[in-house]
Amino acid sequence: MKMLLVRKFRVLILMVFLVACTMHIMIDLLPRLERRGPESRPGCSCPPPAAAAAPRWPGKHTLRILQDFSAEPASNLSSQSREAAERAAERAAGGGAAAAAGRARRLIGPGAPRPPPPARSAAPLAALFQHPLYRAAPPPLADGDLLFNVNSDIRFNPRAAEQPEWQNEDHHEEFLPTGETSIDSYPNWLKFHIGINRYELYSRDNPAIEALLQDLVSQKITSVAMKSGGTQLKLIMTFQNYGQALFKPMKQTREQETPPDFFYFSDYERHNAEIAAFHLDRQVEWICIKRKGEVLILDFRRVPPVAGRLVNMTREIRDVTRDKKLWRTFFISPANNICFYGECSYYCSTEHALCGKPDQIEGSLAAFLPDLSLAKRKTWRNPWRRSYHKRKKAEWEVDPDYCEEVKQTPPYDSGTRILDIMDMTVFDFLMGNMDRHHYETFEKFGNETFIIHLDNGRGFGKYSHDELSILVPLNQCCRIRKSTYLRLQLLAKEEYKLSLLMKESLLKDKIAPILYQPHLEAMDRRLRIVLKAVSDCIEKDGYDSVVENDFNTGADTVTTQR
């Protein structure tokens, strides 16, 4: 009797497995069968009916691909190569000192105020600051546009952020921003958190950001733990002021490119790519004679603050960690250098150990976003996510009309989300980042908010190759914000050259130079490719259909000649 029950149970399990496989195959085949209309039948040369031209609701397969993954654990940021990079940068600077002549298209329309011509000796960032595009006032903020209200009873527990093992400890070190004390008394990481709003992670004139960057490189490290769930080793560092940051150690020298046989999902995560992504995205401080202002490059402000730091592996990692798994991986190499490798899916072994000189190692430190218990974030699957498979292709790679399905699927069917995706596409293409599988938004703001640009470590891997597949969303959708388009045109002009702006901005980091000179030159080349793609879209669909006017009514003084 017992054997009979066991056999019946096995048969039942087998039947369930077969049914599940059948359903999975049908779900995969349905969209392909639906796309076969009358025009694809053999022997039918008649045009499809007018009703067929109307946009159709995407199939279940597409909806499943585009759904959000709110239940997934949210991601957070957030030597010898320097000498070689310095020598290469000096050689490149000497050869490219003579700027090419020629006038670019004007970005200022008739009757609009024109910026004064920059002096030849003026720094590129200072010249950029004088342009009207970078003087636009931010939108006014209502109470619902702030992530936190300062006069609230929310208690910020700095030690609980992203650390479950600290949740049950006594919370005697909480900060209560009730407005009763001056905001100047708050730590800089808290000023950063309470400054987040619906439109940006931080405002242009937020002085706490520069102070926070200083904290990342100077604050005493009091605790270190491995970040769980990652494919490559990342460390969570806690500072004396209870701020936290994600540390990515140096794995490649600056002049090394990603090996040509590497798949994008097995590429290294580079610390200098995180730093450069922040500078590309953010505002950098500039001091003029009469006032202290800030200058923007892409003006997105969607990457959390990141700074480079030289860390003592013995004193600032091994001696302060309470993570026994991490501590056990430390060893002394045959060259008498301190090394460790931690635990992760890729490159965590003695063959891929991280070694100091003798115990100093470079890395990037990305400030944490607010604790998930205080500010929940939604994790969304990127519609143009790659297959992450050695042989299979994603649907967008084989369907040229894929964007039409995306634009009919919430949240891309309304609001500005599709334009945010286009901004992110341009951002990733300039860096050469193929690893944008998910993105996040703050749940409080719903769908009317910006995309947070997290995890940029796989950018700046190849300066000799431009990965055109990253631009597929822009080529398929042919949509872009006017503000983004005008800034890209401006950064293509010789006096506001993107590579020069980035080079000047990155010099402020403590471990500069950050990027190898060919990477900076590759950004100029890729910028021209982006502008050519937008120009082709305008020629095909018309300016008004491609370029979305996101300037305030009556305030659009910055136009382009059509």
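Criteria and cut-off values
- Residues numbered from 1 in each chain as written.
- Predicted model: local features only at pLDDT ≥ 70, side-chain atom pairs only at ≥ 80, totals over all residues.
- Heavy atoms only, no water.
- Buried < 20%, exposed > 50% of the residue type's maximum accessible area, 1.4 Å probe, protein only.
- Helix = DSSP H or I, 4+ residues; strand = E, 2+ residues; numbered from the N terminus.
- Pairing = 2+ DSSP bridges.
- Contact = heavy atoms within 4.5 Å.
- UniProt positions renumbered as here; feature names shortened; annotations may be inferred.
- Polar contact = N/O pair within 3.5 Å; in protein donor to acceptor, adjacent residues only side chain to side chain.
- Phe/Tyr/Trp six-rings, centres within 6.5 Å; stacked < 30°, edge-to-face > 60°.
- Lys NZ or Arg CZ within 6 Å of the ring centre and 35° of its normal.
- Core = buried A, V, L, I, M, F, W, Y, C linked by side-chain atoms within 4.5 Å.
- Domains from an automatic or database assignment.
- Disulfide = S-S within 2.5 Å.

A. Molecular detail of the pairing of strand S3 (residues 244-249). S3 sits mainly inside the fold: six of its six residues count as buried. Judged by which residues are buried, S3 turns out to be covered on both faces: Gln244, Leu246 and Lys248 on one side and Ala245, Phe247 and Pro249 on the other are all buried. Both strand S2 (residues 235-239) and S3 contribute to a ladder of four bridges, which runs antiparallel. Bridge pairing in S3 links Met237 to Ala245. Counted along the chain from S2 to the antiparallel partner S3, the turn is four residues long, and its residue Tyr242 has a positive phi close to 70°. Of the pairings in the sheet, the one linking S3 to strand S10 (residues 360-367) comprises five bridges and is antiparallel in character.

B. Representation of the side chain of Ser469 in the model. By the secondary structure assignment, Ser469 is in the loop between strand S12 (438-442) and helix H13 (472-477). With a relative accessible area of 17%, Ser469 lands in the buried category. With residues up to four places along the chain from it excluded, the contact list for Ser469 reads Arg386 and Trp396.

C. Representation of the environment of Asp184 within the structure. Within the fold, Asp184 resides in the loop between helix H4 (124-129) and helix H5 (188-194). Put simply, Asp184 and Ala208 are 24 residues apart on the chain and 9.4 Å apart in space, counted from C-alpha to C-alpha.

D. Focus on the pairing of S2. With five of five residues buried, S2 is to be regarded as a mostly interior element. Side chains of S2 alternate between two faces, with Leu235, Met237 and Phe239 and Ile236 and Thr238 buried alike. Relative to S2, strand S1 (residues 221-226) runs antiparallel, the two sharing five bridges. Within S2, the position partnered with Ile221 by the bridge is Phe239.

E. Here's a closer look at the UniProt feature "binding site: Mn(2+)" (unreviewed entry) in the protein chain. Within this structure's numbering, the places UniProt gives as "binding site: Mn(2+)" (unreviewed entry) are Glu269 and Asp455. Annotated residues spanning 187 residues; largest pairwise C-alpha distance 8.8 Å, indicating a single compact cluster. Secondary-structure assignment places Glu269 in the loop between S3 and helix H7 (271-281). With a relative accessible area of 6%, Glu269 lands in the buried category. Leaving out residues up to four positions away in the same chain, Glu269 has contacts with Thr231, Gln232, Lys234, Lys248, Pro249, Lys251, Gly457 and Arg458. Within polar-contact distance, the side chain of Glu269 engages the side chain of Lys234 at 3.4 Å. Summarising the element assignment, Asp455 is placed in the loop between S12 and H13.

F. A look at the packing of aromatic side chains. A full pass over the atoms with the stated rule returns 14 aromatic pairs. Measuring from ring centre to ring centre gives 5.8 Å for Phe262 and Tyr268, while their planes differ by 45°; the resulting arrangement is tilted. Measuring from ring centre to ring centre gives 4.8 Å for Tyr268 and Tyr347, while their planes differ by 35°; the resulting arrangement is tilted. Within this pair, whereas Tyr268 is found in the loop between S3 and H7, its partner Tyr347 is found in the loop between strand S8 (338-340) and strand S9 (354-355), the two being separated by 79 residues in sequence. When sorted by exposure, Tyr268 lands in the same class as Tyr347, which is buried. Feature note: the residues Phe262, Tyr268, Tyr346 and Tyr347 constitute an aromatic cluster, connected by ring pairs. Over the aromatic face of Tyr264 sits the side chain of Arg386, whose NZ or CZ is 5.6 Å from the ring centroid. Taking NZ or CZ as reference, Arg417 lies 4.9 Å from the ring centre of Trp380, over its face.

G. Inspection of the sheet that holds S9 at higher detail. Sheet architecture is open: three strands sit in the order S7-S8-S9, paired in antiparallel fashion. Sheet topology places strand S7 (331-332) and S9 at the edges, where each strand pairs with a single neighbour. As paired strands, S7 and S8 are joined by two bridges and run antiparallel to one another. Residue pairing in the sheet places Ile332 in a bridge with Ile338 of S8.

H. Spatial organisation of the nonpolar core. Among the nonpolar cores identified, the biggest contains 105 residues, and Leu201, Leu235, Ile317, Phe340, Trp384, Phe442 and Met502 are the most heavily contacted of them. Among the elements that line this core, the one with the most residues is helix H12 (residues 417-431), at ten residues. A domain split of this core shows at least three residues from each of domain 1 (124-134 + 186-367) and domain 2 (377-548). If we ignore the near neighbours within four places in the chain, the residues touching Ile317 are Val224, Leu235, Met237, Val311, Asn312, Leu326, Phe330 and Phe340.

I. A look at the state of the cysteines. Taken as a whole, this structure holds four disulfides when the rule is applied. Each sulfur in the disulfide pair Cys339 and Cys355 lies 2.0 Å from the other. Disulfide Cys339 to Cys355: torsion about the S-S bond roughly 110°, handedness right-handed. Taken together, the residues Cys339 in strand S8 and Cys355 in strand S9 connect sequence positions 16 residues apart. When its relative accessible area of 36% is taken as the criterion, Cys355 is described as partly exposed. Across a sulfur-sulfur distance of 2.1 Å, Cys478 and Cys537 are joined as a disulfide pair. Looking along the S-S bond of the Cys478-Cys537 disulfide, the torsion reads about -70°, which is the left-handed sense. Here Cys478, found in the loop between H13 and strand S13 (480-481), pairs with Cys537, found in helix H16 (residues 517-541); they are 59 residues apart in sequence, far enough to count as distant. Along the protein chain, the cysteines engaged in disulfide bonds are linked according to the scheme 1-4, 2-3, 5-6, 7-8 when indexed in sequence order.

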